[in-house]
Number of protein chains: 2
Amino acid sequence: MDIIRVFGSNVRYYREQKGLSQEKLAEMSGLHRTYISDLERFQRSISLSNVQKIADALEVETHVLFIEK
Amino acid sequence: MDIIRVFGSNVRYYREQKGLSQEKLAEMSGLHRTYISDLERFQRSISLSNVQKIADALEVETHVLFIEK
DNA sequence: TTGTGACTATAAGTCCGTC
DNA sequence: TGACGGACTTATAGTCACA
């Protein structure tokens, strides 16, 4: 169980559930498009401050993004 | 609801539940003692790879550390 | 629309202390 | 045992051009 993979997978899952592109999510969360791309592909070990921005943009509770599905 | 505060509070809670000192937890998680101190006082935005190390050391599931109590 | 390599700037994280 | 500071190194943040 790798937290970076679980998080990245969940971001992709909830982003697609909301019908958002990476670019739109990037805009909503105040981050960069390629940054979203990287973390969905497990290329980055993101810090908590940005985790919160993404959770807010996806309108999910933060801890939900860490639950393996 | 601030993820850094929730996380820091939970680390302190579970650490004390296990009767560990900050220094002992630091050793067990492979991190630095001042770092544990800082994050319990909400002074740092920790990265995911270290969140996992701490969760492992505390023997709790990662997502539990993000649930507000 | 997304993946990828490359890059610089800044924050994360370490280590030395003192109180 | 833990709070706190200063100086330092390393990882992540943040951005771009191009596939």
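Residues numbered from 1 in each chain as written. Chains lettered and ligands numbered in written order. Predicted model: local features only at pLDDT ≥ 70, side-chain atom pairs only at ≥ 80, totals over all residues. Heavy atoms only, no water.

Identification of chain A as Helix-turn-helix transcriptional regulator from Aristaeella hokkaidonensis is taken from an unreviewed UniProt entry.

## Some words on the overall build of chain A
In plain terms, the rule: Each helix is a run of DSSP H or I of at least 4 residues and each strand a run of E of at least 2, with the numbering of both proceeding from the N terminus. The globule rule used here is 2.2 Å times the number of residues to the 0.38 power, and the radius of gyration it is set against is calculated over C-alpha atoms. Working definition: with a 1.4 Å probe on protein chains only, accessible area under 20% of the residue-type maximum means buried, over 50% means exposed, and in between means partly exposed. Contacts were defined at the residue level, with two residues in contact if any of their heavy atoms lie within 4.5 Å. Only the protein chains shown count as cover for residues, and all accessible areas are computed by the Shrake-Rupley method using a 1.4 Å probe. When charges are tallied, Lys and Arg are placed among the positive residues and Asp and Glu among the negative ones, while His and the ends of the chain are skipped. For this purpose, a charge sits on NZ of Lys, CZ of Arg, CG of Asp or CD of Glu.
Looking only at helices and strands, chain A features four helices and zero strands. Against the globule reference of 11 Å for 69 residues, chain A gives a C-alpha radius of gyration of 10 Å, in line with a compact fold. By its C-alpha atoms, chain A is 30 × 20 × 20 Å across when sized along the principal axes. When each of the 69 residues of chain A is scored for burial, the buried share is 52%. A separation of at least 24 residues holds for 60% of the contacts in chain A among residues at least 6 apart in sequence. With an accessible surface of roughly 3600 Å², chain A has 42% of that area assigned to carbon and sulfur atoms. Computed over 10 positive and 10 negative side-chain charges, the inter-centroid distance for chain A is 4 Å.

## What about unusual backbone geometry?
Unusually for a residue other than glycine, E59(A) sits at a positive phi of about 55°. Its identity is not glycine, yet F42(B) carries a phi of approximately 65°, on the positive side. Take F42(B): it is sitting in the loop between helix 3 (33–40) and helix 4 (48–58). Under the relative-accessibility criterion, F42(B) is labelled partly exposed at 27%.

## Concerning the protein's contact with DNA strand D
Heads up, the condition is: We call a residue near a molecule or strand whenever a single non-hydrogen atom of that residue lies within 4 Å of it. Polar contact is defined as a pair of N or O atoms within 3.5 Å, subject to the rule that within protein one atom must be able to donate a hydrogen and the other to accept it, and that residues adjacent in sequence are counted only when both atoms are side-chain atoms. Note on residue categories: nonpolar means Ala, Val, Leu, Ile, Met, Phe, Trp, Tyr, Cys or Pro, charged means Asp, Glu, Lys or Arg, and polar means any other residue, Gly included.
Neighbouring DNA strand D are 20 residues; Y35(A), S47(A), R12(B), Q22(B) and R41(B) lie closest to it. In DNA strand D, atoms within 4 Å of the protein come from the sugar-phosphate backbone in 64% of cases. Within the backbone of Q22(B), one N or O atom sits 2.5 Å away from a phosphate oxygen of DNA strand D. Put simply, the parts of the chain that give the surface near DNA strand D at least two residues each are helix 3 (33–40) of chain A together with helix 1 (3–17) and helix 3 of chain B. A breakdown of the residues in the surface near DNA strand D according to their chemical character gives three nonpolar, 11 polar and six charged.

## Concerning the pattern of salt bridges
Test applied: One speaks of a salt bridge when a side-chain nitrogen belonging to Lys or Arg is within 4 Å of a carboxyl oxygen belonging to Asp or Glu.
In total, this model carries 12 salt bridges over all chains according to the counting rule given. For D38(A), the salt bridge goes to R41(A), with nearest N and O atoms at 2.7 Å.

## Considering the relation of the copies chain A and chain B
Superposing the two chain copies requires a rotation about an axis and a translation along that axis. Applied cut-off: Copy-to-copy superposition: least squares on the C-alpha atoms, limited to residues that have pLDDT of at least 70 in both copies.
It takes a turn of 180° to lay chain A on chain B, together with a shift of 0.1 Å along the axis; the resulting RMSD is 0.1 Å. What the rotation and shift describe, once combined, is the action of a two-fold rotation axis. Proximity to the rotation axis, assessed at the C-alpha, singles out S47(A) in chain A; its C-alpha lies 1.7 Å from the axis.

## Describing the interface of chain A and chain B
The line we're drawing: Once two parts are joined, some of their accessible surface, as seen by a 1.4 Å probe, is lost; buried area is that loss totalled over both.
Listed by partner, the interface residues are 16 residues for chain A and 16 residues for chain B. Summed over both partners, the interface of chain A with chain B buries about 1400 Å², with 69% contributed by carbon and sulfur atoms. Broken down residue by residue, the surface that chain A buries against chain B is led by I3(A), L48(A) and H63(A), which jointly contribute 41%. Summed over the shared surface of chain A and chain B, the result is zero salt bridges.

## What to know about the protein's contact with DNA strand C
The environment of DNA strand C is formed by 21 residues, the closest being Q22(A), R41(A), Y35(B), S45(B) and S47(B). Protein-proximal atoms of DNA strand C, defined as those within 4 Å of the protein, fall in sugar or phosphate at a share of 60%. Within the backbone of H32(B), one N or O atom sits 3.2 Å away from a phosphate oxygen of DNA strand C. In this structure, a phosphate oxygen belonging to DNA strand C sits 2.4 Å away from a side-chain N or O atom of S47(B). Elements with a contribution of two residues or more to the surface near DNA strand C: helix 1 (3–17), helix 2 (22–29) and helix 3 of chain A together with helix 3 of chain B.

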